[in-house]
Amino acid sequence: MISTVRGPVLSIGLDHAVIEVGGVGMAVHATPATLAGLRRGEESRLWTSLIVREDSLTLYGFADAESRDLFVLLQTASGVGPRLALAALAVLSPDQLSHALADGNLTVLTQVPGIGKKSAERLILELRDKVGVVAGAGVAGPAAAVDRGRVRSEVSEALVGLGFSAKQAEQSVEAVLAAGNGDLDTSAVLRKALATLGPK
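Residues numbered from 1 in each chain as written. Predicted model: local features only at pLDDT ≥ 70, side-chain atom pairs only at ≥ 80, totals over all residues. Heavy atoms only, no water.

Peer 1: Let's hear about the pattern of salt bridges: which residues, and what values?
Peer 2: Counted by the stated rule, this structure contains two salt bridges. The salt bridge partner of Glu43 is Arg6, with a shortest N-O separation of 3.6 Å. Residue Glu43 is found in strand β4 (residues 43-53), and its partner Arg6 is found in strand β1 (residues 4-12); the two are separated by 37 residues along the sequence. (Salt bridge = Lys/Arg side-chain N within 4 Å of Asp/Glu carboxyl O. Helix = DSSP H or I, 4+ residues; strand = E, 2+ residues; numbered from the N terminus.)

Structure (structure tokens):
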């Protein structure tokens, strides 16, 4: 089992990054928020989960151990595979996801593409007693003080790193912030900016 990878970031794509580990470039699938925290040429460490199939070995990476553990936990529920588990962590922070499962919040869970009311109910039934809500974990929500300048800079850099031009990046970020979303954190702004630029 590969639990972590560490090394220089060789490239960053829309849904994965390539990290060099011991001379080998490993493709690691990750959420937009995790990818936004990586920089080409800089050394990074990701917590990982290796999914083994008959015809493939796929590595998924996360910025922290809690996200990785939730990714693994979600797949213990019937009907949930790695793609859906990763989608859940792309839309919801670990803290939001943990609370939604523990509190039985269908509204929050159904925000995830691919999770309808029935599948959300099943997730709550199967995982409510397994998930541990850690206070203060995950990405801070609206209560956190957000520096618009910092968010603008970080998201623009992330979009350029994903292959968009500086002009496209700046315009999309400005559009998201101008829409009255000043309380959004970096990962939320990145998701919305990506949506304005085209398919993820």
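Peer 1: Lay out the packing of helix α2 (residues 65-74) against helix α4 (residues 94-103) with the relevant residues and their values.
Peer 2: Orientation of α2 relative to α4, taken along the N-to-C sense of each, is 40°, at an axis distance of 10 Å. Accordingly, the angle class assigned to the pair α2 and α4 is oblique. In terms of crossing hand, the pair formed by α2 and α4 is left-handed. Where α2 abuts α4, its residues Glu66, Ser67, Leu70 and Leu74 lie against Pro94, Leu97, Ser98 and Leu101. (Axes fitted to C-alpha atoms, helices over the stretch in contact; angles between N-to-C directions. Parallel < 35°, antiparallel > 145°, perpendicular 65-115°, else oblique. Left-handed = near helix turned anticlockwise from the far one by under 90°. Contact = heavy atoms within 4.5 Å.)

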